[in-house]
Amino acid sequence: MVSIRLDKVTKRFGKVVAVNNVNLEIEDGKLYVLLGPSGGGKTTTLYLIAGIYKPTSGRIYFNEKDVTDLTPAERNVGLVFQNYALYPHMKVYDNIAFPLRLRKEPKSKIDSKVHEVAKFLRIENLLDRYPHQLSGGQQQRVALARALVKEPSVLLLDEPLSNLDALLRVYIRAELKRMQQDLGITSVYVTHDQSEALAIADKIVVINKGIIQQEGTPEQIYENPRNVFVATFIGNPPMNIVKGAVLEDGTIETTGSRLTPPPAVLEKIKRLKLKNILMAFRPENAVVSEHPMEGRFSPMGDLFEVEPLGRDAVVTVTVGEFVIKVVMPTKEAMQLRIGSKVYVNIDPNTIKYFDPNTELNLEYIEA
Amino acid sequence: MRIRKASLLFFLGPALLVVALFYIIPLFLSVYISFTPMVDWNVNRYLTQFIGLQNYERLFHIVMYDPDMRAVVITTVVFVLVTLIINVFGGLLLALATYFMDEKMSATYQGLWLLPRMTPIAVYSLLWYYFFHSSGIGILNSILLKLHLIDHPIALGLDPKYLPWGAWFIIIFVNGLVGVSYGMIIFYSAFKSIPKELIIAARVDGASTTRIIKHILLPLTKWHFTFVTVWQMFSLLMTYAQTFLLVEWRVVDSTWGQTWALYVFRTAFTTTKDQGLAAAASTFLSIIGIVLGIVALKALGYEKMILEPKGDI
């Protein structure tokens, strides 16, 4: 099997730097998700791994072999596209057989391989159809079959679920994850959908502006974002950010409320000589109520809106200049009156502190 | 319902009028004239005389027994066939070449190939008049003389020594050069409309450029191929402007450089001014054109291409 290593890889298109000095190691047999907004450089990174683009500088390794100058075929990668890119004039069978025919494999071998992969993906009954006679989910499977039939060393998926409707996406997502684990194939998966990334990834690589913002397990990314961008990109709704002033006595003051940060944070604030600080917390780590709660940091604000989403509701509160979203049980949320004064009771242990100048999480700044 | 009809007529009226005025009426007039003994545009005298199929009989007789007319028929077949192949496959080659170039290069390249089409016919023909001129000032002659390939100027399109090949070469060359850009533009835009991912997918699957052309680009542009072929066949059957000027300016032989369409034009307007015969020849050409068009569409599988999709859309 294959691990992938990108060593100081940069890709420029004219004046635009699409991928900027990226170092990345993708472990053997793992599913890595490249996550970021559109235009962030994730598809370019994928195409660099595939060999469709040549890096402007830097090297790419499969295991210890330098593949920078190899063609996609020589790298033996399987690629699945957002629009599936099935050859419209070929039947499903011929679509899947196409890469094998290009390798000039014997007919009987091609036939048995096509049927094997078709059986694996449960599309055997579709082999005689044209792509336009298939549903989106079926086309997606055919595209996957065509990528897998080559027994690639690496499976690359470029927004493979984006063209499916929301319900189907959740099902196929689980199937993809299971299939990847069963095959144990090193996979790189590009998406802009953070919930998809959290659901499917062994490791998430958040990319924006051609730079890796953070790399880690879904839990690490979710619980402890490295910077403000990651904090506000991951989660639905994402983290709330509140700016506070650091006072002489070591407390933080924001919109009339005071908080004493943990000693480790305070120490870093002192060392960095920060006058201001950004505090971030997840919507589910706070509760909105009419009275402040014991042991919580509870700034006061106005209840703006309540959106019930079944079991939970999204409660929007304006606290001074900040708009804060809290996820709490619908039953409790519906007790609140819109427009009334409320307290946002934040669990202080879950608050993350960011340097407003570098937008870095203080925990990631070396002591 | 009445309002609908009125508004239909209002919106379609102007276009229908133009079509009727410039296409339908002349078509009927032309067919009608082929049944009259009209000569020298003497409309008052001949327009009311009906002579049945006499012009067609004369035409048939000329084709059968006049060697010059045999030359017209052979020239037409050779001209249409060879130029068609050049236009379609040349256009295809140019489209492929420009498709695999980078954008800027391909735009410049295509612009160059479009120049003949953008040049007025007279100017374009004049260019080739100078090029193929039978005296020493002809560009081709002066090049060949400089290279010592010939020792005195040659009349490629006129000298019986080189006929019919010399004349054919010139008219095919001149018309082919204009014609390729049409196929190039159609094929190029057809290739461009194929999703880029298909090409990338094929590359990832290990397809060489030749394989991509053979397995992806060509099969997906079958319809454009049919269209360009049939369309170019029609226009080659009917075209005569450049060839007419080259014949009039004595660059190519008036017998072996004359296609059927040009024969129609010259018979009606310059040589014998026998409009009745010309009208019969033009009607005959139109019938041949329609038949060939239908045969070509059938042969290239047009019906299969317009079948309704079977699955969900």
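Cut-offs applied
Residues numbered from 1 in each chain as written. Chains lettered and ligands numbered in written order. Predicted model: local features only at pLDDT ≥ 70, side-chain atom pairs only at ≥ 80, totals over all residues. Heavy atoms only, no water. Helix = DSSP H or I, 4+ residues; strand = E, 2+ residues; numbered from the N terminus. Buried < 20%, exposed > 50% of the residue type's maximum accessible area, 1.4 Å probe, protein only. Contact = heavy atoms within 4.5 Å. Lys, Arg positive; Asp, Glu negative; His and termini not counted. Charge placed at Lys NZ, Arg CZ, Asp CG, Glu CD. Buried area = accessible area lost by both parts, 1.4 Å probe. Salt bridge = Lys/Arg side-chain N within 4 Å of Asp/Glu carboxyl O. Polar contact = N/O pair within 3.5 Å; in protein donor to acceptor, adjacent residues only side chain to side chain. Nonpolar A, V, L, I, M, F, W, Y, C, P; charged D, E, K, R; others polar. Pairing = 2+ DSSP bridges. Phe/Tyr/Trp six-rings, centres within 6.5 Å; stacked < 30°, edge-to-face > 60°. Lys NZ or Arg CZ within 6 Å of the ring centre and 35° of its normal. Expected span 1.5 Å × (residues − 1). Arc of directions from axis to C-beta. Axes fitted to C-alpha atoms, helices over the stretch in contact; angles between N-to-C directions. pLDDT = per-residue confidence, 0-100.

The number of helices and strands found in chain B is 15 helices and zero strands. Over its C-alpha atoms, taken along the principal directions, chain B stretches across nearly 80 × 75 × 35 Å. Per-residue burial for chain B yields a buried fraction of 40% across its 313 residues. Considering only residue pairs separated by 6 or more positions, chain B has 67% of its internal contacts joining residues 24 or more positions apart. Chain B carries 22 positive and 16 negative side-chain charges, and their two centres are separated by 6 Å.

Counting residues at the interface gives 20 residues for chain B and 23 residues for chain A. Taking both sides of the interface into account, the surface hidden between chain B and chain A amounts to around 1,800 Å²; carbon and sulfur atoms contribute 67%. At the junction of chain B and chain A, the tally comes to one salt bridge. Taken together, chain B and chain A are joined by six residue pairs in polar contact (both at pLDDT 80 or more). Within the residue set of the side of chain B that touches chain A, elements represented by two or more residues are α9 (196-204) and α10 (209-220) of chain B. When residues of the side of chain B that touches chain A are assigned to their parent elements, the largest contribution, seven residues, is made by α9(B). Considering only residue class, the side of chain B that touches chain A consists of 11 nonpolar, three polar and six charged.

All right, on to the pairing of strand β3 (residues 31-35) of chain A then. Residue and element names in this part refer to chain A. Of all five residues that make up β3, five are buried, and the element is covered over most of its length. Burial along β3 is two-sided: L31, V33 and L35 and Y32 and L34, pointing in opposite directions, are all buried. The sheet contact formed by β3 and strand β8 (residues 186-191) spans five bridges and is parallel. Within the sheet, the bridge partner assigned to L35 lies in β8 and is T191.

Considering all chains together, one arrives at 32 aromatic pairs over all chains under this definition. Centre to centre, the rings of Y124(B) and W128(B) are 6.2 Å apart; their planes meet at 75°, and the pair counts as edge-to-face. Here Y124(B) and its partner W128(B) are both found in helix α6 (residues 121-132), four residues apart, which amounts to about one turn of the helix. Residue Y124(B) is classed as buried on the basis of its relative accessible area, which comes to 3%. Classification of W128(B) as buried rests on a relative accessible area of 10%. On the basis of an interplanar angle of 75° and a centroid distance of 5.2 Å, the ring pair of W128(B) and F131(B) is categorised as edge-to-face. Here F131(B) and W128(B) lie together in helix α6, a separation of three residues that amounts to about one turn. Three or more aromatic residues joined by ring pairs make a cluster, and in this case those are Y124(B), W128(B), F131(B), F132(B), F169(B) and F173(B). If you follow R5(A) out to its NZ or CZ, it ends over the ring of Y61(A), 4.5 Å from the centre. Positioned above the aromatic ring of Y222(A) is the side chain of R282(A), whose terminal nitrogen or guanidinium carbon lies 3.9 Å from the ring centre.

Residue and element names in this part refer to chain A. Position of D28 among the secondary structure elements: in the loop between β2 (16-26) and β3. Looking at D28, the relative accessible area reads 40%, which means it is partly exposed. In this structure the C-alpha to C-alpha distance between D28 and E284, which are 256 residues apart in sequence, comes to 35 Å. Among the polar contacts listed, one links the side chain of D28 to the backbone nitrogen of V2, at a separation of 3.3 Å. Engagement of the side chain of D28 in a polar contact is seen with the side chain of T186, the distance being 3.4 Å.

We now examine the side chain of T350(A). Residues and elements named next belong to chain A. Along the chain, the position of T350 falls in the loop between β19 (341-346) and β20 (352-354). Of the polar contacts made by the side chain of T350, one reaches the backbone oxygen of D347; its length is 2.8 Å. What T350 contacts, discounting residues up to four positions off in sequence, is A280 and N285.

Glancing now at α6(B). Think of an α-helix as turning once every 3.6 residues; residues three or four places apart then point the same way. All names here are of chain B. For α6, built from 12 residues, the straight-helix expectation of 16 Å at 1.5 Å per residue is met to within 8% by its first-to-last C-alpha distance of 16 Å. For α6, the set of buried residues is Y124, S125, W128 and F132. With its buried residues spanning 95° around the axis, α6 presents them on a single face. Packed against the buried residues of α6 are α5 (103-118), α7 (139-146), α8 (165-192) and α12 (241-248).

In this structure, P237(A) follows N236(A) across a cis peptide bond, with omega equal to -5°. Take P237(A): it is sitting in the loop between α9 (228-233) and β11 (240-246). Cis geometry is found at the peptide bond from L163(B) to P164(B), where omega equals 0°. Examined against the element boundaries, P164(B) turns out to sit in the loop between α7 and α8. Phi at D40(B) is positive, roughly 50°, even though this residue is not glycine. Locating D40(B) in the fold gives a position in the loop between α1 (2-33) and α2 (43-46).

The subject of this paragraph is the sheet that holds strand β9 (residues 203-208) of chain A. Residues and elements named next belong to chain A. Pairing is mixed across the open sheet formed by six strands, whose spatial order is β6-β7-β8-β3-β9-β10. The open sheet has two edge strands, β6 (77-80) and β10 (211-216), and neither has a second partner. Sheet twist, expressed as the mean angle between neighbouring strand axes with direction ignored, is 15°. As paired elements, β3 and β9 share four bridges and run parallel to each other. Directly across from V33, in β9, lies its bridge partner I204. Of the strands in this sheet, β3, β6, β7 (154-158), β8 and β9 touch helix α1 (residues 42-50), which is tilted by about 150° from β7.

Residues and elements named next belong to chain A. Strands sit in the order β15-β19-β16-β17-β18 across an open sheet of five strands; the sheet is antiparallel. Edge positions in the sheet fall to β15 (286-289) and β18 (322-329), since each of these pairs with one other strand and no more. Averaged over neighbouring strand pairs, the angle between their axes works out to 35° when direction is ignored.

With that settled, consider the confidence of the model for chain B. All names here are of chain B. Per-residue pLDDT for chain B averages 90, and the proportion of residues at 70 or more is 96%. Element-level pLDDT for chain B is lowest in helix α15 (residues 302-305), with a mean of 70, against a maximum mean of 95 in helix α4 (residues 67-99). Scored by ipTM, the complex comes to 0.79, with pTM at 0.80.

A few words on the side chain of S340(A). Residues and elements named next belong to chain A. Residue placement: S340 occurs in the loop between α11 (330-333) and β19. At a separation of 2.6 Å, a polar atom in the side chain of S340 contacts the main-chain carbonyl oxygen of R337. Filtering out sequence-adjacent residues up to four positions away, S340 remains in contact with G301, D302 and L303.

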